[in-house]
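# Structure at a glance
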Amino acid sequence: MKDVTLNQKELARLSVLNSVLEYQVPIADAAELLGVTQRHARRMLAAYRERGTAALAHGNRGRRPHNATAPGEAAAVVRLATERYEGANHTHLTELLSEREGIDLSRPTVRRILTRAGIGSPRSRRSPQHRFRRQRMPQAGMLIQLDGSHHAWLEDRSPQFALLLAVDDATSAVVNAVFCTSETTAGYFTLLESLIEGWGIPLARYSDRHAVFKHNARKPETAAEATQFTRSLQELGIRQIFARSPAGQGPGGTGGGDLPGPAGNRTTPG
């Protein structure tokens, strides 16, 4: 088997697949950590068994995709979406571009171009859906939950400030905590730095959709899909998983400003 040099993201995938082969992690949990379906996770595992680490390296690394959208065409899509076809959702816009402008792109491509430009797709109200609590990860260090809690921690002796927490999903242990004036990118960078120094790089991060972690694509002034913090996580190979609702985080979750209590119970300060 030919060995290759892997980047940080590929090394994280290697760690997950090795855990599956050692019967430490179920394939369903591995798929969530990898951000793929269970079927694709099994394909990755089979390729890894057959070809070794070479199966984890992308074959087109360093090459420009042959189907990449030309910069001029992407700029035209953004201009038309904000001027002539303002208010059209991504699906309708894709059809208009093909029928009237001669720009033949797939809907995912149009969506990707507009999202990077900070243009969201108008949404209609959806019927409420039932939510199910997510199961814990089977091993410590795989998934870290991040959240901040604003509270008068010093009562009337000081203004309110935020406690930023990193909680291990498998054990509910608080692996790091930082006090800051508010939830900021700098504060979460401090939390992440000391977390990695003390516990190593986690495989995935779970959080709400705070502006530090995710841009609001509906705001036209947003110029990028990834925030500075999430770009750093991508370079470290840390998979990002977002809670579907503030209360949707799993056992020991920190959604909605609540802090994890003993054995994963949630308690509200004060």
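Our structure is the block above this text.
These remarks concern the structure in this document. (Residues numbered from 1 in each chain as written. Predicted model: local features only at pLDDT ≥ 70, side-chain atom pairs only at ≥ 80, totals over all residues. Heavy atoms only, no water.)

### Quick word on a positive patch on the surface
Stated formally: A residue counts toward a patch only above 30% relative accessible area and without a salt bridge, and it is joined to like-charged neighbours within 9 Å or, for Val, Leu, Ile, Met, Phe, Trp and Tyr, to nonpolar neighbours within 5 Å. Using a 1.4 Å probe, accessible areas were evaluated by the Shrake-Rupley method; residue-level cover was limited to the displayed protein chains. Whenever a carboxyl oxygen of Asp or Glu lies within 4 Å of a side-chain nitrogen of Lys or Arg, that contact is scored as a salt bridge. Positive charges are assigned to Lys and Arg, negative charges to Asp and Glu, while His and the chain termini are left out of the count. Throughout, a charge is located at the NZ atom of Lys, the CZ atom of Arg, the CG atom of Asp or the CD atom of Glu. The helix and strand labels rest on DSSP assignments: H or I over at least four residues marks a helix, E over at least two residues marks a strand, and numbering proceeds from the N terminus. Residue burial is assigned from relative accessible area. The probe radius is 1.4 Å, only protein chains are included, and a residue is buried under 20% of its type maximum, exposed over 50%, and partly exposed in between.
A surface patch of positive charge is lined by Arg107, Arg111, Arg209 and Lys214. Inspection of the secondary structure puts Lys214 in the loop between strand S4 (204-207) and helix H8 (228-236). For Lys214, a relative accessible area of 33% translates into the label partly exposed.

### Observations regarding the sheet that holds strand S3 (residues 174-180)
Each strand in a sheet pairs with another by means of backbone hydrogen bonds, the pair being arranged parallel or else antiparallel. Definition in use: A pair of strands counts as paired when DSSP detects no fewer than two bridges linking them. Each axis is a line fitted through C-alpha atoms, and for a helix only the stretch in contact is used; angles between axes span 0 to 180 degrees, taken between their N-to-C directions.
Strands sit in the order S3-S2-S1-S4-S5 across an open sheet of 5 strands; the sheet is mixed. Strand pairing shows two members of the sheet lacking a second neighbour, S3 and strand S5 (239-242), which therefore form its edges. Strand-to-strand, the axes of this sheet are offset by a mean angle of 20°, without reference to chain direction. Both S4 and S5 contribute to a ladder of 4 bridges, which runs parallel. Paired with Arg205 across the strands is Gln240, a residue of S5.

### With respect to the nonpolar core
Let me state the cut-off plainly: What is meant by a nonpolar core is a set of buried Ala, Val, Leu, Ile, Met, Phe, Trp, Tyr and Cys residues, joined one to another through side-chain atoms within 4.5 Å. Two residues form a contact once any of their heavy atoms are found within 4.5 Å.
Core analysis: the biggest nonpolar cluster contains 25 residues, and Val16, Leu17, Val20, Leu33, Met142, Leu143 and Leu203 have the highest contact counts within it. With residues near it in sequence (within four places) discarded, Val16 still touches Ala30, Leu33, Leu34 and Leu203.

### What about the pattern of salt bridges?
Throughout the structure, instances matching the rule amount to 1 salt bridge. Across the pair Glu101 and Arg84 runs a salt bridge, and its minimum N-O distance is 2.6 Å. One end of the pair, Glu101, is in the loop between helix H5 (90-100) and helix H6 (107-116); the other, Arg84, is in the loop between helix H4 (71-82) and H5, with 17 residues separating them in the sequence. Overall, the relative accessible area of 26% leaves Glu101 in the partly exposed class.

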